[in-house]
Amino acid sequence: MRVPVVLLAGVDPDAMATTMVGLQFDLPGAVACRHTIDVERGVLTRTVSDLSGVIETHETLLEHACVSCAIREDILPTLERLARDGRWHSIVAHLPVGAEAAHLCAALTWDTRLARFLRVSAVVTAVAGQHPVRDLLGDDLLADRGHHCAHDDRRGVGEVLAAMIEHADVVALDDTFAPVAAGLVRSLARPDAAVVDGVHRLGGETLLGRLHQHSRTEAWTSPVRTDALPVVPAEGVWQLDLQSLQPFHPERLLESLERLGAGAHRSRGCFWLSTRPGRVLEWDGAGGQLSIGDHGSWGTRRPFTRIVATGVGVAPDHLRPAFADLLVDAGESGAHADTEDGFEPWLGPIRKAA
């Protein structure tokens, strides 16, 4: 019998601690495994506890202080060991602050050996109620708050928290949210995800059931999602769905990334470049921080460009025209170099078709 695992993620340690306590009391026969990363010391600390108290504490020296090393060297082995122990009916895995649950979900989904003992029943993202809009749409880095996961971790708080909310089956709010803040969270979360004021409102039976379905989560978080967006659920929250079958012009995009990517909003999706017609290029931004990357091949699919932007207040007037200005016009080649387009630092060299 596979032991259900509830994964807990977040960018605020207090909100995560509050949520973990709630989970331990609500889940029958649960053991909690909490991991923290000390970047300066290069140490991963593991604390295992249940309602009787702390069972074990252990420090592991990481070759590289990063989430991937932490998952490989201690988090996965510990979850397997606890599942095979037989004393507990469920596991709460408190991930390091700033560590996204998506990496662990993928490992537990595709590792057939681990799948014999463990299954992810729910992914819970804890969100602090003090400054949720600033956390999601501000320009703070995790390193600014001392919550980075590696020396070279330059991720923005908003970028990470938004991705965590989008990946969650449950978003647990630790305080009474203003309607606009709650609406922003609801707009980012998967339409069927639970957004609740405390995990106690769900109950253990729900959390240990089948809330998490990997394929459904991947469809919502995919940069190439094609479904129509649900109606924005709250006043004061705006959303723009910018779509085209045309590629972005590489020179104009390189010169004008900030026009579309900068600002206090969340934006994500996909695009393609006339210089790289076979590649799906991912767009991932929040609070002025923007990441682009090569997501893979279009295969037999027709390329398209789609970026969804979400924010609070009034949607900036410049976003739609800025998007349109970046598109290659009919009859325009859009490519002025056969071997380089300026995006090599982010996307690697241009791949020629065989």
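The text that follows walks through the structure, step by step, so that each part is easy to find. (Residues numbered from 1 in each chain as written. Predicted model: local features only at pLDDT ≥ 70, side-chain atom pairs only at ≥ 80, totals over all residues. Heavy atoms only, no water.)

### Some thoughts on the nonpolar core
Stage number 1. One finds Leu7, Ile91, Leu104, Leu118, Leu136, Ile165 and Val171 to be the most contacted residues of the largest nonpolar core, which totals 56 residues.
Stage number 2. With 9 residues, helix 2 (residues 67-85) is the largest single contributor of residues to this core.
Stage number 3. With residues near it in sequence (within four places) discarded, Leu7 still touches Ala93, Ala101, Leu104, Cys105, Val120, Ala122, Val123 and Val124. (Core = buried A, V, L, I, M, F, W, Y, C linked by side-chain atoms within 4.5 Å. Buried < 20%, exposed > 50% of the residue type's maximum accessible area, 1.4 Å probe, protein only. Helix = DSSP H or I, 4+ residues; strand = E, 2+ residues; numbered from the N terminus. Contact = heavy atoms within 4.5 Å.)

### Quick look at the layout of surface pockets
Stage number 1. In this structure, the largest pocket spans a volume of roughly 710 Å³.
Stage number 2. What lines the largest pocket is a set of 27 residues, and nearest its centre among them are Glu100, Ala102, Ala163, Thr221 and Glu282.
Stage number 3. When contributions to the lining of the largest pocket are tallied by element, the ones reaching two or more residues are helix 3 (101-110), strand 6 (118-127), helix 5 (157-167), helix 8 (214-221), strand 10 (266-273) and strand 11 (276-286).
Stage number 4. Top contributing element to the lining of the largest pocket by residue count: helix 5, with 5 residues. (1 Å grid on protein atoms, 1.4 Å probe; cavity = no way out; pocket = protein on both sides within 12 Å on 5 of 7 lines; lining within 4 Å. Points joined across faces, edges and corners; volume = space filled by probe spheres on them.)

### Some points on the environment of Ala172
Stage number 1. Within the secondary structure layout, Ala172 lies in strand 7 (residues 170-173).
Stage number 2. The exposure class of Ala172 is buried, given its relative accessible area of 2%.
Stage number 3. Along the primary structure Ala172 and Pro250 are separated by 78 residues, whereas in three dimensions their C-alpha atoms are 41 Å apart.
Stage number 4. If we skip the residues at most four places from it in the chain, Ala172 touches Thr19, Val124, Thr125, Ala126, Val127, Val196 and Val199.

### Overview of the pairing of strand 10
Stage number 1. With 8 of 8 residues buried, strand 10 is to be regarded as a mostly interior element.
Stage number 2. Alternating residues of strand 10 divide into Arg266, Arg268, Cys270 and Trp272 and Ser267, Gly269, Phe271 and Leu273, and every residue in both groups is buried.
Stage number 3. Where strand 10 and strand 13 (residues 305-312) come together, 5 bridges link them in antiparallel fashion. Each bridged residue has a counterpart across the sheet, and for Arg268 the counterpart in strand 13 is Val308.
Stage number 4. Bridging between strand 10 and strand 11 involves 7 bridges; their strand directions are antiparallel. Paired with Leu273 across the bridge in strand 11 is Arg276.
Stage number 5. Count of turn residues in the strand 10/strand 11 antiparallel hairpin: 2 residues. (Pairing = 2+ DSSP bridges.)

### Observations concerning helix 8
Stage number 1. Among the residues making up helix 8, those that are buried are His214, Thr217 and Trp220. Relative to the axis of helix 8, the buried residues are bounded by an arc of 130° and lie together on one face.
Stage number 2. The inward-facing, buried residues of helix 8 contact helix 3, helix 5, helix 6 (179-188) and strand 10. (Arc of directions from axis to C-beta.)

### Here we look at the pattern of salt bridges
Stage number 1. In total, this model carries 24 salt bridges according to the counting rule given.
Stage number 2. A salt bridge links Arg46 to Glu56; the shortest N-O distance between them is 2.9 Å. Taken together, the positions of Arg46 in strand 3 (residues 43-50) and Glu56 in strand 4 (residues 53-61) put the pair 10 residues apart, joining distant regions of the chain.
Stage number 3. Of the residues examined, Glu56 reaches a relative accessible area of 21% and is grouped as partly exposed.
Stage number 4. Measuring nitrogen to oxygen at the nearest pair gives 3.3 Å for the salt bridge that ties Arg84 to Glu80. Here Glu80 and Arg84 lie together in helix 2, a separation of 4 residues that amounts to about one turn.
Stage number 5. For Arg84, a relative accessible area of 53% puts it in the exposed group.
Stage number 6. Taking relative accessible area as the criterion, Glu80 reaches 10% and is therefore assigned buried.
Stage number 7. Connected via shared salt-bridge partners are Arg46, Glu56, Asp74 and Arg81. (Salt bridge = Lys/Arg side-chain N within 4 Å of Asp/Glu carboxyl O.)

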